[in-house]
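Fold and geometry: a report
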Amino acid sequence: MAKIYLVLVDTPGIFAYCIRRFLKQKYIHVALALDENLGETYSVGRRNPFVPLFAGVERENRIRILQAFPTAEYKICELECSREQKENIRRRLEQDFANRFRFHYAIIGLPFLVANRPFYQKNHYTCSSYLAKVLRENGIFVSGKHFSLVTPKDFYEYTADKKVVFEGRLAYFGRLEAVCE
């Protein structure tokens, strides 16, 4: 068996505040890590943590995120999968990252999400719809909904084979690694 990691994130900001109010939960962003140290973490998110206007498929940089959001809260969950699933997921994430400027945030899809109506515009995703699609294509079903309707709340409520390995401020995650080594 292999492992991948769901990374649920609560960051400050006006956009995050609006999403948090809509979802009625703490964690409003989701990313997928291929390693337990979050060195290979991908999501549809801000191209630059300091600028919320431009978003797409990104490889997240923990240090830059920590600089931008020193109070960011994380919940990291471990999922078991087959080695083949993990390799297929890795290939897809790396391929999409290599073509990252072709992917955009699904702003037009947000009203459809609120209305609970599936909507997909080519290469436009939310953080959760992108990961739901990538995981579903590899036999991991986070939700029975159309991928465009999946929210971070679905990842939070997903229970199959999910083990919480860390919950707290991102700043403390690195400190825990140093203490454990």
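Just so it is clear, the model here is predicted, and its values are computed rather than measured.

**Regarding the overall build of the protein chain**
When you go through the protein chain residue by residue, the secondary structure sums to seven helices and eight strands. Oriented by its inertia axes, the alpha-carbon framework of the protein chain measures out at about 45 × 40 × 30 Å. For the protein chain, buried positions account for 50% of its 181 residues. Taken as a whole, the protein chain presents about 9700 Å² of accessible surface, with 55% of it coming from carbon and sulfur. Between the averaged position of the 28 positive side-chain charges in the protein chain and that of its 20 negative side-chain charges there is a distance of 7 Å.

**Points about the side chain of E60**
Note on placement: E60 falls in the loop between β4 (51-59) and α2 (62-68). The charged side chain of E60 is buried without a salt bridge, its nearest counter-charge being R62 at 9.3 Å. Here S43 takes part through its side chain, which lies 2.6 Å from a polar atom of the side chain of E60.

**Quick look at helix α1 (residues 14-23)**
If you check which residues of α1 are buried, you get A16, I19 and L23. In an axial view of α1, the angular spread of the buried residues amounts to 65 degrees, which keeps them on one side of the axis. Set apart from the buried face of α1 by more than 90 degrees, the exposed residues are I14 and R21. One or two steps after α1, the chain reaches K24, where phi turns positive at roughly 60 degrees.

**Things to note about the pairing of strand β1 (residues 2-10)**
Counting buried positions over the nine residues of β1 gives eight, a clear majority of the element. Looking at chain direction, β1 and strand β5 (residues 73-81) are connected through nine bridges and run antiparallel. Within the sheet, the bridge partner assigned to K3 lies in β5 and is E80. Both β1 and strand β2 (residues 29-33) contribute to a ladder of five bridges, which runs antiparallel. Within the sheet, the bridge partner assigned to V9 lies in β2 and is H29.

**Observations regarding the confidence of the model for the protein chain**
The share of residues in the protein chain with pLDDT of 70 or more is 92%, and the mean pLDDT across the chain is 87. Of all helices and strands in the protein chain, the one with the weakest mean pLDDT is helix α7 (residues 170-180) (60), whereas helix α3 (residues 83-98) scores best (97). A low-confidence stretch, residues 176-181 (pLDDT under 50), is modelled with three contacts involving residues beyond four sequence positions or located in other chains.

**Some points on the packing of α3 against helix α5 (residues 127-136)**
Between α3 and α5, the least distance of the axes is 10 Å, while the angle of their chain directions is 140 degrees. Relative to α5, the element α3 lies oblique. For the crossing formed where α3 meets α5, the hand is right-handed. For the pair α3 and α5, the contacting residues are I89, R92, L93 and D96 in the first and Y130, K133, V134 and L135 in the second.

**Focus: unusual backbone geometry**
Backbone geometry at L38 places phi at a positive 65 degrees, although glycine is not the residue there. Residue position: L38 is located in the loop between β2 and β3 (41-48). Given the relative accessible area of 6%, L38 is considered buried. Not every positive phi belongs to a glycine, and N123 is a case in point at roughly 60 degrees.

**A few points about the pattern of salt bridges**
All chains considered together, the criterion is met by nine salt bridges. Residue D154 pairs with K145 through a salt bridge whose shortest N-O separation is 3.0 Å. Here D154 falls in the buried class, since its relative accessible area comes to 10%. Accessibility expressed as a relative area gives 33% for K145, which makes it partly exposed. Because the salt bridges share partners, they merge into one network encompassing R92, D96, K133 and E137.

What counts and what doesn't
Residues numbered from 1 in each chain as written. Predicted model: local features only at pLDDT ≥ 70, side-chain atom pairs only at ≥ 80, totals over all residues. Heavy atoms only, no water. Helix = DSSP H or I, 4+ residues; strand = E, 2+ residues; numbered from the N terminus. Buried < 20%, exposed > 50% of the residue type's maximum accessible area, 1.4 Å probe, protein only. Areas by Shrake-Rupley, 256 points an atom, 1.4 Å probe, with all protein chains shown as cover. Lys, Arg positive; Asp, Glu negative; His and termini not counted. Charge placed at Lys NZ, Arg CZ, Asp CG, Glu CD. Salt bridge = Lys/Arg side-chain N within 4 Å of Asp/Glu carboxyl O. Polar contact = N/O pair within 3.5 Å; in protein donor to acceptor, adjacent residues only side chain to side chain. Arc of directions from axis to C-beta. Pairing = 2+ DSSP bridges. pLDDT = per-residue confidence, 0-100. Contact = heavy atoms within 4.5 Å. Axes fitted to C-alpha atoms, helices over the stretch in contact; angles between N-to-C directions. Parallel < 35°, antiparallel > 145°, perpendicular 65-115°, else oblique. Left-handed = near helix turned anticlockwise from the far one by under 90°.

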